[in-house]
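Observations on chain architecture
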Amino acid sequence: ALLRARHTRQKDLIVFDAAVSGSDGGGPSEQPAQPVEASTMAMVAAAQAQVKHIERTRAALEIRRGGAVESAPTFATSSPTGEACLRFDSSFESMNLLRAVRVDATEYNLTMAPDTHTQGHTQWYFFRVRGGRPGVQYKLNIINMQKGHSLYENGLRPLLYSEKLAAREGVGWRRAGTNVCYYANFFPRPVDAGRPARTYHTLTFTVSFPHANDSCFLAHCYPYTYSDLQRDLRALTDDPWRGELVCRQALCTTLAGNRCDVLTITNFAPDGQTDDGRRASAFERPGSDRRKRAVVLSARVHPGETNASHIMCGVLLALTADNECAAALRNEFVFVVVPMVNPDGVINGNYRCSLAGCDLNRLWQAPPKHIAPPVYALKAMIGELTRTTELSLFCDIHGHSRKMNAFLYGCHCDGEPARRLQERIFPHLLSLECAPFSFDDCSFKMQAAKRSTARIVCRSEFDLLNSLTLEVSFGGTDLGIEQPYHFNQKDYRQLGTDFVHALHTYAFLPPAALHEHVQEMEAVVQGQMAAAALHRAGGEDGNAVADGAESDSGGSDDDPITGTLEGTALMQLWKDIKATRMAEEKKRRAHAGSTSEGPDGVSRPRKRSGRKRATRNARSRIAAGGGSGGMARGGASGGTGRDNGVCSGNGGGACGGG
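Residues numbered from 1 in each chain as written. Predicted model: local features only at pLDDT ≥ 70, side-chain atom pairs only at ≥ 80, totals over all residues. Heavy atoms only, no water.

1. A closer look at the overall build of the protein
Helices and strands together make up the secondary structure of the protein, namely 15 helices and 26 strands. For the protein, the proportion of its 658 residues judged to be buried stands at 57%. For the protein, the share of sequence-separated contacts (at least 6 apart) that also reach a separation of at least 24 residues comes to 76%. Of the roughly 26,900 Å² of accessible surface on the protein, a fraction of 51% belongs to carbon and sulfur atoms. (Helix = DSSP H or I, 4+ residues; strand = E, 2+ residues; numbered from the N terminus. Buried < 20%, exposed > 50% of the residue type's maximum accessible area, 1.4 Å probe, protein only. Contact = heavy atoms within 4.5 Å. Areas by Shrake-Rupley, 256 points an atom, 1.4 Å probe, with all protein chains shown as cover.)

What follows is the structure, given as C-alpha cells:
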C-alpha cells in the first residue's frame, strides 16, 4: 500500500535478531536464505508541482524459516543472554538508515540507503536509537560505506545527540564513539562497465548511551534540514534590523514541489516597498550612476554536506550585522544567496544527488530544466546579473570527507598576463583571516573531469575571475596544533564570518596592495614549482605540490553513476505514471455507470475495454524502471536498495531534537 504524507518519508525499521533466527548478520550481498524484508519499496516519481510526497511503507514483514513463512515481531525484545534489543528508527526528515541486523547481544550491522534512483552514494547516516542501557558498550557496524578513504581513518568520530542530556544539562550534539575503524570489507559493490570490481567499506565504532529510556541520534555531521533552513530564514526576515536588509524570494520550485529560496542582501533604497521593487532598485547607488557589483553564494548542492549550511548561516549573520564592515559591503555589493540548492535531496536524506538521482554540480554546462530546476534557474540568474552589472565573485560551499582544514578551489588565469595570479589573492587573504584555512591546500586547476561544475562553468562562460568552491572538512583542523581538532557548529559559523571579513579586505584593497599580493603569490608559486621539481627528481608526483592537492574527485565522490535515472527515462516514467493515473481516474468516473440493466431487470456489469490492460502494462513498465535508464531497486542485494519516494512540503517533520 502507498501512503501519502505531507512532510517526511518514514521507514519503520525492524531489528532482526540474528542470534535467535540463526543469521550470521551478513552484509549488503547476503542471499534471501537469511532473514530479509519481504515488503517491496514503492517506486514513485514526481512531476513538477503535480505529485506530492509519496512515502514507502511496509505492508507486511516476513521471516523465512525452513521454507515456512512466519510473521515477524515488530522488534526483537531480548537475546539468549537477556540483553535488551536496541530499536532503530529513521522516520524523520533527512534521515538515512535502511536496515539493522543484530549479530550479537550488543553488536549490530547497519545498512545505509543509497541516494534515490542510484545504487551508490552511501556515506551519509542519520538515525535514532532507543532502548540503550547506560554503561553498556554497543558496537555498531555500518557495512556499506562507499568511499575508499575517509577521515574516520584519521580520527574523525561520529556525532551523538541525547534528548535527555539536552533537556537536563543543555548538551546538544557531541562527538562520541570509541574504537573507531574504517576498512574495506568483502561485500561486493555494483559493477560498473570498464571499472574493476570493488567492495564496500565498514565504519565500526563502540558507543554508550548516557541515560535509560532515552532517544539518541547518531549522525555523520551536524544535521541541518530543510525545516531548519525555513525556520532560520523566517527568523532572519522577521528580525527588525536584518529584515530590512534581506529580500526573500523563490528561485524556483523543485521536482517535488518544494520552494528553493534565493535571498538578496544589500542596503536597499528607502523607496522600495514591495519585494520586486526592492530587488529592482537594489543595484542603484544613491547619488551615483555607478551600479553596485554583485556577489553570488550558494550551498548544499550536495545534501549530505551539512556543514555547508552552518557556514552559510555564519555568512548570512555577518552580512546582515550592524557594524562598519557589513555596512560597507552592503553599500558596495548586492549579495545574491541560494542557501540550499538541493532541497529535495536534503529532505530525502540523500548524500550527493537530487531526487532524479543526478549530481546537480555536474549539470552546469547545459542544465536540463525538467531535471535540475534549481541549477537551471541559478545559472540563468547569474547570466542575467552579468548583463546587468559586474559580477565580482561566485562561491559554492561544500564539505570535504577526506581532507582536514578549509581551503578553496579556484580557476587559473594562465594565458592572461594582465590577470596572472590574481585568482589567488582572495584565498590568500582568507588564509590570513581564518585560522583553520589552509592556503597550501588550495588548487587552481581546471580539470576536464570538473568542466561541468559550477566553478569552472562560471569561469569559462562568464569570464569570472573569482569563481570558487569553498571546501571545509567534516573533521576539523590540524594547522598549528599537535592534535587534530574537531570542528563544531560554532567553528563552522565563525568560518562563514571570516569569509565575509576577508571579502571586505579584498573589496577595498588599494592598487598598490594588490600589486604587492601578486608579487607575493609569484614567490609562492616559484617555491611550489621548486618543491615539485625536487619531488619529481625523487621519483614522486610533484603535481600536488605544485598546485594544491585536488584530485579528480576533489571533495567529491567517485561513486558510480550506474543506475542514475537519465532525463529520457525520467520523462518516460512520469508519462507512464500520468497515463496510469488518468486511466484510473476515468475508471472511477465511469464506476457509477459501469452496470447496465438487462431485459430481465437484473443489473449486469458492462463489458470492459482494453484500457484496463493498458493501465496494467503501464504499471508494469513503472515497476520495471521506466525505460532504458533503469531505476535502481537495490545495491548489491539483500536490502541495500532505496525506496524512490518523493518528498514535498515545507521541509518535513522535526528532526527529533537535532
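2. What about the sheet that holds strand E17 (residues 259-265)?
Across the sheet, seven strands lie side by side as E16-E17-E19-E18-E20-E22-E21; this open sheet has mixed pairing. Strands with a single pairing partner mark the edges of an open sheet, and in this sheet they are strand E16 (246-253) and strand E21 (406-409). Neighbour to neighbour, the strand axes of the sheet diverge by 20 degrees on average, direction disregarded. Two elements, E17 and strand E19 (residues 333-338), share three bridges in a ladder whose sense is antiparallel. When the sheet's bridge partners are listed, Thr264 is paired in E19 with Val336. Strand contacts of helix H6 (residues 324-332): E17, strand E18 (293-299) and E19, with the helix running at about 95 degrees to E19, the strand carrying the most contacts. Each of E18, E19, strand E20 (391-400), E21 and strand E22 (466-473) touches helix H11 (residues 489-507); the most contacted strand, E22, lies at about 155 degrees to it. (Pairing = 2+ DSSP bridges. Axes fitted to C-alpha atoms, helices over the stretch in contact; angles between N-to-C directions.)

3. A closer look at helix H10 (residues 454-462)
Think of an α-helix as turning once every 3.6 residues; residues three or four places apart then point the same way. Taken as a whole, H10 has its buried residues at Ala454, Arg455, Ile456, Val457, Cys458 and Arg459. Buried positions along H10 lie against helix H8 (373-388), E20, E21 and E22. Just downstream of H10, Asp463 is the residue with a positive phi angle, here 50 degrees.

4. So, the side chain of Arg330
Following the sequence through the fold, Arg330 ends up in helix H6. Despite its burial, Arg330 pairs with no opposite charge; the closest candidate is Asp322, at 5.6 Å N-O. (Lys, Arg positive; Asp, Glu negative; His and termini not counted. Salt bridge = Lys/Arg side-chain N within 4 Å of Asp/Glu carboxyl O.)

5. With respect to the confidence of the model for the protein
In the predicted model, the protein carries a mean pLDDT of 76, and the fraction of residues at 70 or more is 68%. In the predicted structure, residues 599-658 sits below a pLDDT of 50 and forms 173 contacts with residues beyond four places in sequence or in another chain. (pLDDT = per-residue confidence, 0-100.)

6. As for the pattern of salt bridges
In total, this model carries 17 salt bridges according to the counting rule given. Linking Arg259 and Asp261 is a salt bridge whose minimum nitrogen-to-oxygen distance equals 2.4 Å. A salt bridge links Lys379 to Glu461, with the nearest nitrogen and oxygen atoms 3.1 Å apart. Here Glu461 lies in helix H10 and Lys379 lies in helix H8, a separation of 82 residues in the sequence. Overlapping salt bridges bring together Arg285, Arg290, Arg293 and Glu332 as one network.

7. So, unusual backbone geometry
For His117, which is not glycine, the phi torsion reads 65 degrees and is therefore positive. Along the chain, His117 turns up in the loop between strand E8 (107-111) and strand E9 (126-130). Given a relative accessible area of 4%, His117 falls into the buried group. For Asn213, which is not a glycine, the phi torsion comes out positive at approximately 50 degrees. Secondary-structure assignment places Asn213 in the loop between strand E14 (199-207) and strand E15 (215-219).

8. Digging into the packing of aromatic side chains
By the definition in use, this model includes 20 aromatic pairs. For the ring pair Phe426 and Tyr506, a centre distance of 5.8 Å and an interplane angle of 75 degrees mean the geometry is edge-to-face. Taken together, the positions of Phe426 in helix H9 (residues 425-433) and Tyr506 in helix H11 put the pair 80 residues apart, joining distant regions of the chain. Assigned by exposure class, Phe426 and Tyr506 land together as buried. Members of the aromatic cluster, each reached through a chain of ring pairs, are Phe92, Trp124, Phe126, Tyr161, Trp173 and Phe217. (Phe/Tyr/Trp six-rings, centres within 6.5 Å; stacked < 30°, edge-to-face > 60°.)

9. A word on empty space enclosed by the protein
Summed over the entire model, instances satisfying the criterion amount to six cavities of 30 Å³ or more. Empty space within the second largest cavity amounts to approximately 70 Å³. Asn342, Asp344, Ser354, Leu360 and Pro374 are the residues nearest the centre of the second largest cavity, which is lined by 13 residues in total. Elements with a contribution of two residues or more to the lining of the second largest cavity: helix H7 (343-348) and H8. (1 Å grid on protein atoms, 1.4 Å probe; cavity = no way out; pocket = protein on both sides within 12 Å on 5 of 7 lines; lining within 4 Å. Points joined across faces, edges and corners; volume = space filled by probe spheres on them.)

10. What about H6?
Every buried residue of H6 is accounted for by Cys325, Ala326, Leu329, Arg330 and Glu332. One side of H6 holds all its buried residues, which, seen down the axis, span an arc of 165 degrees. Close packing links the buried residues of H6 with E17, E18, helix H5 (307-319), E19 and H11. For H6, the N-terminal cap is Asn323; the gap from its side-chain oxygen to the backbone nitrogen of Cys325 is 3.3 Å. (Arc of directions from axis to C-beta. Polar contact = N/O pair within 3.5 Å; in protein donor to acceptor, adjacent residues only side chain to side chain.)

11. Remarks on the packing of H8 against H10
Their axes nearest at 12 Å, the elements H8 and H10 cross at an angle of 35 degrees. Relative to H10, H8 is oriented so that their crossing is right-handed. Residues Lys379, Ile382, Gly383 and Thr386 of H8 lie in contact with H10, whose contacting residues are Val457, Cys458, Glu461 and Phe462. Residues of the contact of H8 with H10, tallied by class, amount to four nonpolar, two polar and two charged. (Left-handed = near helix turned anticlockwise from the far one by under 90°. Nonpolar A, V, L, I, M, F, W, Y, C, P; charged D, E, K, R; others polar.)

12. Thoughts on the environment of Ala321
Tracing the chain through its elements places Ala321 in the loop between H5 and H6. As for Ala321 and Trp241, which are separated by 80 residues in sequence, their C-alpha atoms are 8.6 Å apart.

13. Regarding the sheet that holds strand E12 (residues 174-175)
Strands sit in the order E6-E9-E15-E11-E12 across an open sheet of five strands; the sheet is antiparallel. Only two strands of the sheet have a single neighbouring strand rather than two, namely strand E6 (87-89) and E12. Pairing geometry for strand E11 (residues 159-162) and E12, over two bridges, is antiparallel. Bridging across to E12, Leu160 finds its partner in Arg174.

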